[in-house]
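Single-letter residue listing:
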Amino acid sequence: KDYFGDGSSKGIEIKYVWEEKPLGTAGSMSLINDFIKENILLINSDLFTNVNLDRMYKSLISQKADMVIASTKYKVDVPYAVFKNADDNRIIGFNEKPSYTFHSNAGIYIFKKQWISKIPIDSFFDITDLMQLIINKKKKIIQVPILGYWIDIGSPNDYKNALETIKHFNE
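As the structure is a computational prediction, the values presented were derived from the model and not from experiment.

A short note on the overall build of the protein
Phase 1: Along the protein, the regular secondary structure elements total four helices and eight strands.
Phase 2: Beginning at the N terminus, the succession of helices and strands in the protein can be written as α-β-β-α-β-β-β-β-α-β-β-α.
Phase 3: Looking at the 171 residues of the protein, the share that counts as buried comes to 25%.
Phase 4: Within the protein, contacts between residues at least 6 apart in sequence are counted, and of these 65% link residues at least 24 apart.
Phase 5: Carbon and sulfur atoms form 53% of the exposed surface of the protein, whose accessible area is close to 12100 Å².

Below, the structure is given as structure tokens:
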């Protein structure tokens, strides 16, 4: 707040929400009652990314989804053989030192404003709770892969690594 103020020096308007207690990654949105637009953008504050928000928004609209989530690839290398078992625990095959790639939650969301009313007021509620609620209601959530860069800066070590990474962006 000290740096951005009300946003007027940057040509924008900023309103702040203060949590009296931790409310999770989505709970503080229950404290806001004047969302103007029909779609809400929520971004975790510990990210450094050039995600294409326009692409995400257009995907939400064109696919008539209730929520779109930016995704990042996450690779897991298993250092051992992974067995394929039959029902009787007999090994029928194996994959030596496999790698698996998953599309993982990148902490960037656009969703319909109507879902704000489903967030419990002044209670702990994570965005994953809202995601599960939307899934339980059989509504549509889509993911859009980030084509640029995405760096988690949620810990001092992650932040340090990000600083090293971005040194090379303009080379």
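The rest of the description comes next.
Re helix H3 (residues 127-136)
Phase 1: Along H3, the residues classified as buried are Ile127, Leu130, Met131 and Ile134. Looking straight down H3, one finds its buried side chains confined to an arc of 105 degrees; they lie on one side.
Phase 2: Looking at the buried residues of H3, the elements they touch are helix H1 (24-27), strand E1 (39-43), strand E3 (67-77), strand E6 (99-112) and strand E7 (141-145).
Phase 3: At the C-terminal side of H3, Lys138 shows a positive phi close to 60 degrees.

A word on the nonpolar core
Phase 1: In terms of nonpolar packing, the biggest core is built from 16 residues, with Met29, Met67, Tyr109, Phe111, Ile119, Ile127 and Leu130 touching the most fellow members.
Phase 2: Elements represented by at least two residues in this core include exactly E1, E3, E6 and H3.
Phase 3: Per-element accounting of this core gives the leading share, four residues, to H3.
Phase 4: Counting 13 residues, the second-largest nonpolar core is a separate cluster that includes Val68, Ala70, Ile108 and Ile110.

Looking at the packing of aromatic side chains
Phase 1: The final tally for this structure, using the stated rule, is three aromatic pairs.
Phase 2: Here the aromatic rings of Tyr3 and Phe4 are separated by 4.8 Å at their centres, their planes lie at 90 degrees, and the arrangement is edge-to-face.
Phase 3: According to the relative accessible area criterion, Tyr3 is exposed, its value standing at 61%.
Phase 4: The partly exposed category is assigned to Phe4, whose relative accessible area is 40%.

Let's talk about the side chain of Asp66
Phase 1: In this structure, Asp66 sits in the loop between helix H2 (53-62) and E3.
Phase 2: No salt bridge is formed by the buried Asp66; the nearest opposite charge belongs to Lys112, separated by 4.2 Å.
Phase 3: For Asp66, the side chain forms a polar contact with the side chain of Trp115, separated by 3.0 Å.
Phase 4: Leaving out residues up to four positions away in the same chain, Asp66 has contacts with Leu60, Ile110, Phe111, Lys112, Gln114, Trp115, Ile134, Lys139 and Lys140.

Observations concerning the sheet that holds E6
Phase 1: Across the sheet, four strands lie side by side as E1-E6-E3-E7; this open sheet has mixed pairing. With one partner strand each, in any of the chains shown, E1 and E7 form the two edges of the open sheet. Taking the axes of each pair of neighbouring strands and ignoring which way they run, one obtains an average angle of 40 degrees across the sheet.
Phase 2: Pairing geometry for E3 and E7, over five bridges, is parallel. Its bridge partner lying in E7, Val68 is registered against Ile142.
Phase 3: In the packing of H2 onto the sheet, the strands contacted are E1, E3, E6 and E7, and the crossing angle to E6 comes to about 80 degrees.

A look at the environment of Asp6
Phase 1: Structurally, Asp6 is set in the segment before H1.
Phase 2: Classification of Asp6 as partly exposed rests on a relative accessible area of 48%.
Phase 3: As a C-alpha pair, Asp6 and Leu147 span 141 residues in sequence and 32 Å in three-dimensional space.
Phase 4: The contact partners of Asp6, leaving out residues within four places of it in the chain, are Ile12, Glu13 and Ile14.

Quick notes on the rules
The written sequence of each chain sets the order in which its residues are numbered from 1. Note on the predicted model: pLDDT of at least 70 is required for a residue's local features to be given, and 80 or more for side-chain atom pairs to be given and counted; whole-chain, interface and lining totals, by contrast, use all residues. As a rule here, side-chain values come from all non-hydrogen atoms in the structure, and water together with hydrogens is ignored. In DSSP terms, a helix is any run of H or I states spanning at least four residues, a strand is any run of E spanning at least two, and both are numbered starting from the N terminus. Using a 1.4 Å probe on the protein chains alone, a residue whose accessible area is under 20% of its type maximum counts as buried, one over 50% counts as exposed, and one in between counts as partly exposed. By definition, residues are in contact when any of their heavy atoms lie within 4.5 Å. Computed with the Shrake-Rupley method and a 1.4 Å probe, the accessible areas treat only the protein chains shown as cover for residues. Note that the arc is defined by the directions from the helix axis to the C-beta atoms. Throughout this description, the term nonpolar core refers to a set of buried Ala, Val, Leu, Ile, Met, Phe, Trp, Tyr and Cys residues connected via side-chain atoms within 4.5 Å. Aromatic pairing here means that ring centres of Phe, Tyr or Trp (its six-membered ring) are within 6.5 Å. Orientation follows from the plane angle: under 30 degrees is stacked, over 60 is edge-to-face, and everything else is tilted. Neither His nor the chain ends is counted toward charge; the positive residues are Lys and Arg and the negative residues Asp and Glu. A side-chain nitrogen of Lys or Arg and a carboxyl oxygen of Asp or Glu constitute a salt bridge if their distance falls within 4 Å. Throughout this description, a polar contact denotes any pair of N or O atoms lying within 3.5 Å of each other; where both atoms belong to protein, one of them has to be capable of donating a hydrogen while the other can accept it, and for residues adjacent in sequence the pair is counted only when both atoms sit in side chains. Pairing between two strands is assigned when DSSP locates at least 2 bridges connecting them. The axes used here are C-alpha line fits, helices contributing only the stretch in contact, and every angle between their N-to-C directions lies in the interval 0 to 180 degrees.

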